[in-house]
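Residue-level structural notes
Here is what each chain is made of, one letter per residue.
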Amino acid sequence: MTSGDPIQKTAAFVKDLLISDHSGHDWWHCFRVWRLAKKIWEKEGGNLQVIELAALLHDVGDYKIAPENEVVSENIIREWLEKLQFDERIISEILSIITSISFRGTKEKQGVISIECKIVQDADFLDAIGAIGIGRAFAYGGFKGHIMYDPAIQPVQYSSFEHYKRRNSSTINHFYEKLVLLQEMLNTDTAKLIAESRHKYLHQFLEQFHDEWELRK
Ligand code: ADP
Ligand code: NI
């Protein structure tokens, strides 16, 4: 496969794979991350082709969809990029971005060094906060059968990725355990600016939620 725009072809490939996902990794999430990444690139620079491909492919076979299949998803992405005749250097750059960007339960980041990687991670984090992030959290919680809120279950600070993966917290706790931490983890000034209103909205939502729960409103 050689003719045609590899970005458009990749968009069609991802759309086809993820269109029926209901765990928050659906095609529209990838579409939004792709668009956000392009918007951040306009100010921050970097290799646009690598950024676009990594943004589009970043959730193909996420560990939360197929927990045992990190290798399988890597193979799917590799096979696809080989079919488009990208060279090994580009393919391993894209794979390394995709394996580095995921939130792993703590504020620590691993391997997020290049500007391309920083931009794709920022775009993915931005889509997890704000009104869209709130919608995704409840969609994911419903998909996993998690409870919305239980006042007896306190949010925790995870010590490791294993701990984060194992725990079935409430969706409201996920806000404290991940979503409100993301603003500080952003890499680029452009993303930090976009995050301001989204982050504020998370806090407003939580305040209103607790006011209603406690019958203050
Ligand atoms: P991303 O696609 O941004 O990397 P994840 O793969 O970690 O995000 O999760 C997909 C979506 O589901 C995100 O919006 C995330 O906040 C949400 N999510 C992940 N784990 C939970 C959870 N335990 N409870 C509620 N929402 C969750
Ligand atoms: Ni994602």
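Report follows, based on the coordinates. Owing to the predicted nature of the structure, the values given are computational and were not obtained by experimental measurement.

This part is about the overall build of the protein chain. When its secondary structure is counted, the protein chain shows 11 helices and 0 strands. Overall, the C-alpha framework of the protein chain stretches about 60 × 35 × 30 Å when taken along its three principal axes. Across the 217 residues that make up the protein chain, the buried fraction comes to 47%. Pairs at least 24 residues apart make up 66% of the contacts formed inside the protein chain by residues separated by at least 6 positions. Of note, the protein chain has its 26 positive side-chain charges centred 3 Å away from the centre of its 32 negative side-chain charges.

Attention now goes to the pattern of salt bridges. Pairing between side chains of opposite charge can happen when the charged atoms of each approach one another. Overall, the coordinates contain 8 salt bridges when judged by the stated rule. Close ionic contact of R32 with D127 constitutes a salt bridge, the shortest N to O distance being 2.7 Å. Of the two residues, R32 is situated in helix α2 (residues 27-44) and D127 in the loop between α6 (115-126) and α7 (130-144); the sequence distance between them amounts to 95 residues. Its relative accessible area of 1% is what places D127 among the buried residues. With a closest N to O distance of 3.4 Å, D211 and K217 form a salt bridge. On the accessibility criterion, D211 (10% relative accessible area) is buried. Its relative accessible area of 62% is what places K217 among the exposed residues.

Moving on, we come to the packing of aromatic side chains. One pass over the full model with this rule turns up 12 aromatic pairs. An angle of 50° between the planes, with centres 6.2 Å apart, marks the rings of W27 and W28 as tilted. A relative accessible area of 45% places W28 in the partly exposed class. The structure contains a cluster of three or more aromatic residues connected by ring pairs, namely F138, Y149, F175, F205, F209 and W213. The ring of W34 carries the charged tip of K38 above its face, separated from the ring centre by 4.2 Å.

Moving on: helix α11 (residues 189-213). Taking 1.5 Å per residue as the helical rise, α11 with its 25 residues ought to reach 36 Å, and the 36 Å between its terminal C-alpha atoms agrees with that figure. For α11, the complete set of buried residues consists of T190, A191, I194, A195, H199, L202, L206, F209, H210 and D211. Considering only its buried residues, α11 is in contact with α2, α6, α7, α9 (171-177) and α10 (182-185). L215, located one to two residues past α11, shows a positive phi value of around 60°.

Each value, and the rule that gives it
- Residues numbered from 1 in each chain as written.
- Chains lettered and ligands numbered in written order.
- Predicted model: local features only at pLDDT ≥ 70, side-chain atom pairs only at ≥ 80, totals over all residues.
- Heavy atoms only, no water.
- Helix = DSSP H or I, 4+ residues; strand = E, 2+ residues; numbered from the N terminus.
- Buried < 20%, exposed > 50% of the residue type's maximum accessible area, 1.4 Å probe, protein only.
- Contact = heavy atoms within 4.5 Å.
- Lys, Arg positive; Asp, Glu negative; His and termini not counted.
- Charge placed at Lys NZ, Arg CZ, Asp CG, Glu CD.
- Salt bridge = Lys/Arg side-chain N within 4 Å of Asp/Glu carboxyl O.
- Phe/Tyr/Trp six-rings, centres within 6.5 Å; stacked < 30°, edge-to-face > 60°.
- Lys NZ or Arg CZ within 6 Å of the ring centre and 35° of its normal.
- Expected span 1.5 Å × (residues − 1).

Just geometry here; none of it tells us what the structure is for.
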